[in-house]
Amino acid sequence: LVLPLGNPDLAERYGVVPPRAVVLFGPPGTGKTTFAKAIASRLEWPFVEVFPSRLASDSKGLAGALRETFLEISELEHAVVFIDEVEEIASQRQGEPPSPLQGVTNELLKIIPAFREQPGRLLVCATNFIRSLDTAFLRHGRFDYVIPIGLPDEAARHAIWQRYIPAEVAADVDLGLLVAETDGFSPADLEFAARKASQRALEKAVYETHDDDDDDDGGAARATGGPTTADYLDAIAGTRTTVSADVAQDFREDIERIGRL
């Protein structure tokens, strides 16, 4: 995504057409929003998030507000435009007579081709429920890629743990063990476990300090210095993973059936 968008002249020389719109799909908590923000960061383009739920209260109606929002975005020189939970406005159209939501889906289907004609911008739509999207929404010509964002592999878990373990204790924590024990964890699960371990270590440090201060000999405060491997393992054991085995299996099937890279 980034290479042709960030080097349009070079891409043209090689016959590469920069992507204009992509869909990210995967289970909840796997980092789709972070992925979209990372694209904007790498390109150094503004990140514009569109919230359909907020537009719904507009006096023009959701379809009208959506159209006006994209007209405003067209005035920007560059932009990564992000719509999360896009299934709310692009679900399968069915039933007679058409519902108001179908009108919104129709409006979005009209907006995307016009958006694609404008250089220097990328539309990123994200969904936890790729199967619920309208088939016309996902067809070739509207979206260049339909990208699965799944659970982090070993290398990714290693990088995520490194982000959350304090530098002061990193050398004393068995990072490889934490990585091995968190297979099947989403990035959100890893963050939760890391923060829980840090919180418990802080509580132990504070309470142990108070106990020491209350000793008859007036002993000096002894802080633990930070979370230990044991603290992290306890937090991991007490973390309920977001993505169940059934959801993970459905995701693998969606990759084969719908994914487009």
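Residues numbered from 1 in each chain as written. Predicted model: local features only at pLDDT ≥ 70, side-chain atom pairs only at ≥ 80, totals over all residues. Heavy atoms only, no water.

**Student:** What is the right way to look at the overall build of the chain in this model?
**Tutor:** Along the backbone of the chain there are 11 helices and 5 strands. Sorting the 261 residues of the chain into buried and exposed places 41% on the buried side. If you sum the accessible surface of the chain, you get close to 14400 Å²; carbon and sulfur atoms cover 51% of it. The average position of the 26 basic charges and that of the 43 acidic charges among the side chains of the chain differ by 10 Å. (Helix = DSSP H or I, 4+ residues; strand = E, 2+ residues; numbered from the N terminus. Buried < 20%, exposed > 50% of the residue type's maximum accessible area, 1.4 Å probe, protein only. Areas by Shrake-Rupley, 256 points an atom, 1.4 Å probe, with all protein chains shown as cover. Lys, Arg positive; Asp, Glu negative; His and termini not counted. Charge placed at Lys NZ, Arg CZ, Asp CG, Glu CD.)

**Student:** Help me understand the nonpolar core, please; the structure alone is not making it clear to me.
**Tutor:** Nonpolar side chains in soluble globular proteins generally cluster together in the buried interior. Ranked by size, the top nonpolar core spans 32 residues in total, and within it Leu66, Val86, Leu123 and Phe137 carry the most contacts. Those elements that provide at least two residues to this core are β1 (21-25), α5 (61-73), β3 (79-83), α6 (100-116) and β4 (121-127). Counting residues per element, this core draws most heavily on α6, at 6 residues. With residues near it in sequence (within four places) discarded, Leu66 still touches Val50, Leu55, Ile89, Val104, Leu108 and Ile111. Counting residues in each nonpolar core, the second largest holds 17 residues, with Tyr164, Ile165, Val173 and Leu175 among its members. (Core = buried A, V, L, I, M, F, W, Y, C linked by side-chain atoms within 4.5 Å. Contact = heavy atoms within 4.5 Å.)

**Student:** Can you help me understand the confidence of the model for the chain in this one?
**Tutor:** Where the model shows low pLDDT, its predicted coordinates should not be examined in detail. On average, the chain scores 89 in pLDDT, and the residues at 70 or more come to 90%. Summarising per-element confidence for the chain, the mean pLDDT is lowest in helix α4 (residues 52-55) (82) and highest in helix α8 (residues 175-181) (98). Counting contacts from residues 217-223, a segment whose pLDDT is below 50, to residues more than four positions away or on other chains yields 11 contacts. (pLDDT = per-residue confidence, 0-100.)

**Student:** How should the environment of Val80 be read in this particular structure?
**Tutor:** Structurally, Val80 can be placed in strand β3. Once the C-alpha coordinates of Val80 and Arg20 are considered, the two residues, 60 residues apart in sequence, prove to be 9.6 Å apart. With residues near it in sequence (within four places) discarded, Val80 still touches Ala36, Ile39, Ala40, Leu43, Trp45, Pro46, Phe47, Val48, Leu122 and Val124.

**Student:** Help me understand unusual backbone geometry, please; the structure alone is not making it clear to me.
**Tutor:** With glycine set apart, most residues show a phi of negative sign, and most peptide bonds adopt trans. Of note, the phi angle at Glu44 is positive, near 60°, even though the residue is not glycine. Tracing the backbone through its elements, the reader meets Glu44 in the loop between α3 (32-43) and β2 (47-50). For Glu44, a relative accessible area of 72% corresponds to the exposed category. One non-glycine residue with positive phi stands out, namely Glu85, at about 50°. Under the relative-accessibility criterion, Glu85 is labelled partly exposed at 34%.

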